[in-house]
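Spelled out from the first residue to the last, the chains are:
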Amino acid sequence: MQSSLLGDDDLPDAAALAAAVAHRGTPGQFDELRGALTAGGAAAALAPLWQRFFDTLGADGWGDLRARQLRVQQRVREDGATYNVYAEPRESNRPWPLELLPFIVSAEDWAVIEQGVQQRAKLLELTLADIYGPQTLLRDALLPPPLVFAHPQYLRPVHGLWPRGNTHLHIAAFDLARTPEGGFTVLAQRLQAPSGLGYLLENRLIIGPQLHEEFAALRVQRIASSFRSLLDGLMRASPAGERSRIVLLTPGPLNETYFEQVFLARYLGVTLVEGSDLTVRGNRLYLKTLHGLERVHVLLRRVDDEFLDPLELRPDSALGVPGLLQALRAGELVMANAPGAGFLESLGLSAFWPAVAQRLLERDLLLPAPTTWWCGEAAVWAAQRDTLADFIVVPTFPSSGIEAQVVAQLDADERAALQARIDANPAAYTLLQPLRPSETPVWADGQLWPRAAVMRVYALADGSGGWQVLPGALTRVAGRDEASHDPLLSMQHGSASVDTWVIASGAVDPSSLLPQPLSAAELQGWHRTVSSRAAENLFWLGRYTERAENSVRLAKVMLEALPEASAPVMRLLDALARHHGLVGPAVPAPWQSLRLFERALVHGLGLRGELTSVSFNLRALRDCAQALRERLSPEHWKLIHEVGDHFEHHLAAVLEEGEGHAPAPDVLGVLARAATHLAAITGAQTDRMTRDDGWRLLSVGRQIERLDMLSHALAVAFEHGVQDADDGFAVILALFDSTITYRAQFQARREVMPLLHLLVFDTDNPRSLAWVARTMRDRLRKLARQDAGWVDQVSAELPMPEHWALERLAESPAALIEALRDCSVAARELSDEIGRHLFVHVVSPERTVWQ
């Protein structure tokens with residue numbers, strides 16, 4: 001190895017390198033890297049904390065920044081961290097944008113932020129108690145009644161509702177920015193269901209190991225104790241105390257921040273649920289599980305207020321739980337946060353907070369806010385109308401269709417049109433003083449770029465009337481030109497994120513949310529709770545996996561057999577294609593026009609809108625998996641996510657190459673790749689999933705689909721007498737995916753009795769009806785072991801092919817066909833009964849397993 005000609009003293013200094021490659025910030029904005037306002041003249045020296053950061057990093061660390069950035073991106077992909085952008089197609093989940101360098105806050109600055117955020121959180125809690133109670137702030141005109149009562153998130157059903165512990169807010173989020181003078185200002189507050197805590201955790205867990213020496217050298221405060229305090233506070237308020245079941249209510253996989261909801265639920269050790277998982281009975285909230293109803297005492301939520309209860313709020317909501325507000329009134333539930341706080345997020349209220357603070361706290365606000373003017377006051381709009389170009393126009397109310405606009409960027413006609421719109425409805429608009437947030441360094445391509453930064457800081461209630469401010473933040477940084485167009489740096493508009501390091505003023509908190517070791521006694525009878533929604537998704541994951549395999553195999557068999565098919569086989573394949581929806585009813589039969597039949601078959605494979613197409617089944621499989629991301633390994637999820645995309649891409653390619661009429665060999669290649677992909681998914685489900693009750697239900701779903709399809713196919717085959725034709729015999733074996741097995745056992749025999757033995761009676765063949773039915777019964781017994789009566793009832797109605805008389809069925813096709821038809825019907829009826837008993841919980845008597 002060639003040694004360096006430079007001594008250690010000659011190596012370039014990382015801090016000097018950073019200063020040399022750092023681009024100058026925007027004049028008039030605070031530069032976090034240098035700890036000073038960006039102005040003309042020579043650049044200032046690095047701020048002390050950044051100097052220490054780069055000194056610890058060293059020249060070797062500087063040279064490794066690109067590799068570390070790549071490791072960050074790789075970890076984001078491995079974790080499946082995404083942020084869904086509503087304007088983009090549903091399938092295009094955007095990877096979570098995370099930069100390498102942190103946003104650093106000194107202990108002195110954090111003390112100011114902490115006190116100011118605690119004060120604001122207390123003020124908002126008192127305001128909610130007044131607005132939904134005596135309303136003195138409205139009576140004394142400290143808050144304008146039109147701003148409150150006209151807001152769609154002021155909830156009249158909540159008036160007089162006093163949450164358990166008299167606490168409306170448990171989590172309050174504040175968007176802060178550093179001003180050019182070096183202080184901090186409050187840009188916005190999020191109180192309904194504040195997002196970002198999961199992403200904050202993800203940022204810390206990814207960036208911390210990449211910069212662990214710098215993290216330790218700067219004595220960055222840890223964040224676990226804040227989450228522990230939140231959970232402790234919720235349990236103090238709960239009717240069940242430390243025995244409380246806590247769940248996190250999510251809007252579902254299509255929500256923009258679904259990943260962080262999954263991540264946060266895992267970290268806190270709580271159950272992630274959707275509205276359909278819950279039910280209110282007798283003013284109490286319950287979780288629907290495979291084994292009955294389990295009491296829920298604390299509800300963390302990420303569903304907005306109006307969707308929480310379709311009985312009292314938005315009646316078309318499918319995201320909430322009927323009766324949820326009544327459970328709150330009865331004091332049987334703690335909700336974080338209680339509904340009704342959304343109106344306080346309006347920027348139209350910003351100018352009124354100083355006076356409200358004087359009334360409720362008898363103190364001035366410690367953290368100021370930018371100047372705002374609510375245009376609903378006639379005198380305000382009249383005074384500011386001619387100076388409109390000096391402001392950013394923002395909507396007063398959400399969902400009004402009004403977008404934030406930097407007026408100075410509009411031309412004269414656009415400005416005049418905006419003035420006219422405000423004249424027509426002034427209360428819907430608020431004027432905001434332009435923002436100039438500080439700029440933090442972002443490393444890219446060996447250089448440091450200044451990017452505008454906004455911190456989201458979280459105040460967490462401790463359950464005793466106090467607030468703890470989490471020592472960190474979800475900090476958003478702008479793209480190169482984004483800050484001028486989106487002053488609040490929304491993730492929806494392309495901002496990235498950085499970890500936020502708060503320097504400890506004393507000892508670094510060693511707290512951890514890692515669970516305590518379990519004892520042998522606690523592990524006795526341990527099982528994972530499976531919600532009814534997760535169970536239903538697992539059930540259909542199994543069914544769609546099997547259904548996709550069956551449709552791919554059926555299409556493959558048809559394309560291979562049709563060109564040389566005998567008349568009975570042609571009639572069989574036509575009947576199966578129409579039964580499974582692979583061709584439409586208007587398509588001519590293959591003996592009428594083989595070419596048109598084949599074209600219709602190939603064309604139908606990729607139709608997304610057809611419920612029976614291969615493409616639809618693969619997409620349905622992915623949708624089920626999307627709702628189960630927390631239960632699937634990254635490899636399993638990747639296989640499912642890719643199979644549909646690859647199938648559609650390759651099929652479209654061969655169709656395009658054939659100008660819409662792809663040759664059968666090319667299509668067979670596409671189907672073969674899909675079959676291989678699905679076999680890998682089956683392997684992941686069989687060998688990579690914990691065999692708990694959820695997995696058993698997945699297996700039952702697969703067996704129901706297999707029993708229905710195979711018994712029907714065999715019945716139709718014998719109805720058409722194809723077993724007596726050489727090509728028909730081969731087609732039957734191919735449909736059962738048992739060709740190689742038959743050859744190994746019976747060589748070249750073309751006899752009905754060994755055929756039926758293998759496909760119906762052989763309990764060692766996973767494709768035989770006997771194996772499928774027996775496996776289904778075994779899975780059901782273990783699945784519903786706490787409800788033996790129901791298991792016995794449904795098992796008694798299932799067929800038992802292993803007990804059929806082989807010789808009689810081989811000699812009597814009619815008896816065989818009748819038995820096979822009964823198998824198919826029994827499979828579909830079992831599916832309906834499982835849905836009623838295990839998923840819906842409305843037909844059977846109430847089964848409560850935990851109060």
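Further up the page is the structure itself.
Residues numbered from 1 in each chain as written. Predicted model: local features only at pLDDT ≥ 70, side-chain atom pairs only at ≥ 80, totals over all residues. Heavy atoms only, no water.

Caption draft 1: Broad picture of the overall build of the chain. If you tally the helices and strands in the chain, you get 30 helices and 25 strands. Principal-axis analysis of the C-alpha atoms places the extent of the chain at approximately 95 × 75 × 65 Å. Buried positions account for 56% of the 851 residues belonging to the chain. Relative to all contacts within the chain whose residues are 6 or more apart in sequence, the contacts with residues 24 or more apart total 70%. Per element, the accessible surface of the chain, about 35500 Å² overall, is 52% carbon and sulfur. Once the 80 positive and 103 negative side-chain charges of the chain are each reduced to a mean point, those two points are 3 Å apart. (Helix = DSSP H or I, 4+ residues; strand = E, 2+ residues; numbered from the N terminus. Buried < 20%, exposed > 50% of the residue type's maximum accessible area, 1.4 Å probe, protein only. Contact = heavy atoms within 4.5 Å. Areas by Shrake-Rupley, 256 points an atom, 1.4 Å probe, with all protein chains shown as cover. Lys, Arg positive; Asp, Glu negative; His and termini not counted. Charge placed at Lys NZ, Arg CZ, Asp CG, Glu CD.)

Caption draft 2: Highlighting the sheet that holds strand β14 (residues 334–336). Read from one edge of the open sheet, 4 strands run β9-β8-β13-β14, paired in parallel fashion. The two strands at the open ends of the sheet, each matched to only one other strand, are β9 (271–273) and β14. Geometrically, the sheet is characterised by an average inter-axis angle of 25° between neighbouring strands, direction not taken into account. Taken together, the 4 bridges between strand β8 (residues 246–249) and strand β13 (residues 298–301) define a ladder with parallel strand orientation. From the neighbouring strand, Ile246 faces β13, where its bridge partner is Val298. Across the sheet, helix α10 (residues 258–268) lies against β8, β9 and β13, angled at about 150° from β9, the strand it touches most. (Pairing = 2+ DSSP bridges. Axes fitted to C-alpha atoms, helices over the stretch in contact; angles between N-to-C directions.)

Caption draft 3: Geometry of helix α27 (residues 769–783). In this model, α27 (15 residues) spans 21 Å end to end at C-alpha, consistent with the 21 Å of a helix rising 1.5 Å per residue. All of the buried residues along α27 are Leu769, Ala770, Trp771, Val772, Ala773, Thr775, Met776, Arg777, Leu780 and Leu783. (Expected span 1.5 Å × (residues − 1).)

Caption draft 4: Just the pairing of strand β11 (residues 284–289), in detail. Burial of β11 is extensive: 5 of the 6 residues sit out of reach of the surface. In this sheet, β11 lies alongside strand β10 (residues 278–281) in antiparallel orientation, the contact comprising 4 bridges. When the sheet's bridge partners are listed, Thr279 is paired in β11 with Tyr286. Remark: 2 residues form the turn of the hairpin made by β10 and β11, two consecutive strands paired antiparallel; Gly282 in that turn has positive phi of roughly 60°. Pairing of β11 with strand β12 (residues 292–296) involves 5 bridges; the strand directions are antiparallel. Residue pairing for β12: Thr289 is matched across the bridge by Gly292. What sits between the antiparallel neighbours β11 and β12 is a turn of 2 residues.

Caption draft 5: Looking closely at the pattern of salt bridges. If you walk through the whole model with that rule in mind, you get 43 salt bridges. A salt bridge links Arg178 to Asp109; its shortest N-O distance comes to 3.1 Å. One end of the pair, Arg178, is in strand β6 (residues 171–178); the other, Asp109, is in helix α4 (residues 107–131), and 69 residues separate them in sequence. Classification of Arg178 by relative accessible area gives buried; the value is 7%. Residue Glu802 pairs with Arg777 through a salt bridge whose shortest N-O separation is 2.6 Å. Separated by 25 residues along the polypeptide, Glu802 in the loop between α28 (788–796) and α29 (806–811) and Arg777 in helix α27 bring together distant segments of the chain. The class of Arg777 is buried, set by a relative accessible area of 5%. (Salt bridge = Lys/Arg side-chain N within 4 Å of Asp/Glu carboxyl O.)

Caption draft 6: Structural detail: the packing of aromatic side chains. Going through the model one piece at a time under the given rule, you end up with 19 aromatic pairs. On the numbers, 5.2 Å between centres and 65° between planes, the contact of Trp50 with Phe53 is edge-to-face. Taken together, the residues span about one helical turn, with Trp50 and Phe53 both in helix α2 (residues 48–63) at a distance of 3 residues. Residue Phe53 is classed as buried on the basis of its relative accessible area of 0%. On the numbers, 6.1 Å between centres and 80° between planes, the contact of Tyr132 with Phe343 is edge-to-face. One end of the pair, Tyr132, is in the loop between α4 and α5 (136–139); the other, Phe343, is in the loop between β14 and α12 (353–360), and 211 residues separate them in sequence. (Phe/Tyr/Trp six-rings, centres within 6.5 Å; stacked < 30°, edge-to-face > 60°.)

Caption draft 7: Main features of the sheet that holds strand β15 (residues 372–374). Spatially, β15-β18-β16-β17 is the arrangement adopted by the 4 strands of the open sheet, whose pairing is antiparallel. Each of the sheet's edge strands pairs with one partner strand only, and the pair in question is β15 and β17 (405–406). Note: strand β16 (residues 392–395) against β17, 2 bridges, orientation antiparallel. Its bridge partner being in β17, Val393 is matched across the sheet by Gln405. Packing against the sheet, helix α14 (residues 412–424) makes contact with β16, β17 and β18 (429–432), and its axis sits at approximately 130° to β18.

Caption draft 8: Summary view of the environment of Ala336. Secondary-structure assignment places Ala336 in strand β14. Taking relative accessible area as the criterion, Ala336 reaches 4% and is therefore assigned buried. With 80 residues separating them in the primary sequence, Ala336 and Ala416 have C-alpha atoms 44 Å apart. Other than its neighbours up to four places away in sequence, Ala336 contacts His170, Leu234, Leu299, Leu300 and Arg301.

Caption draft 9: Representation of the packing of α4 against α12. Running from N to C, α4 and α12 cross one another at 80°; their axes reach a closest spacing of 10 Å. Viewed along their axes, α4 and α12 adopt a mutual orientation that is roughly perpendicular. Along the contact surface, α4 presents Arg120, Leu123, Leu124, Leu126 and Thr127, while α12 presents Trp353, Val356, Ala357 and Leu360. (Parallel < 35°, antiparallel > 145°, perpendicular 65-115°, else oblique.)

Caption draft 10: Quick look at the nonpolar core. Among the nonpolar cores identified, the biggest contains 107 residues, and Leu541, Leu780 and Ile834 are the most heavily contacted of them. Phe352, Trp374, Val457 and Val502 belong to the second-largest nonpolar core, a separate cluster that totals 74 residues. (Core = buried A, V, L, I, M, F, W, Y, C linked by side-chain atoms within 4.5 Å.)

Caption draft 11: Layout of the side chain of Arg622. Within the secondary structure, Arg622 sits in helix α20 (residues 614–626). Residue Arg622 is classed as buried on the basis of its relative accessible area of 8%. A distance of 3.2 Å separates a polar atom in the side chain of Arg622 from a polar atom in the side chain of Asp645. (Polar contact = N/O pair within 3.5 Å; in protein donor to acceptor, adjacent residues only side chain to side chain.)

Caption draft 12: Layout of the environment of Gly196. Note on placement: Gly196 falls in the loop between β7 (184–190) and α7 (197–210). In this structure Gly196 comes out as buried when scored by relative accessible area, which is 2%. Leave out the neighbours within four places in its chain, and Gly196 touches Glu260, Arg302, Tyr458 and Leu474.

Caption draft 13: Summary view of unusual backbone geometry. Residues Ala336 and Asn337 are joined by a peptide bond in cis, for which omega reads 0°. For Arg219, which is not glycine, the phi dihedral falls at a positive 60°. What makes Arg219 partly exposed here is its relative accessible area of 35%. Notably, Glu362 is not glycine yet its phi reads approximately 55°, a positive angle. Within the secondary structure, Glu362 is located in the loop between α12 and β15. On the basis of relative accessibility, which here comes to 65%, the residue Glu362 falls in the exposed class.

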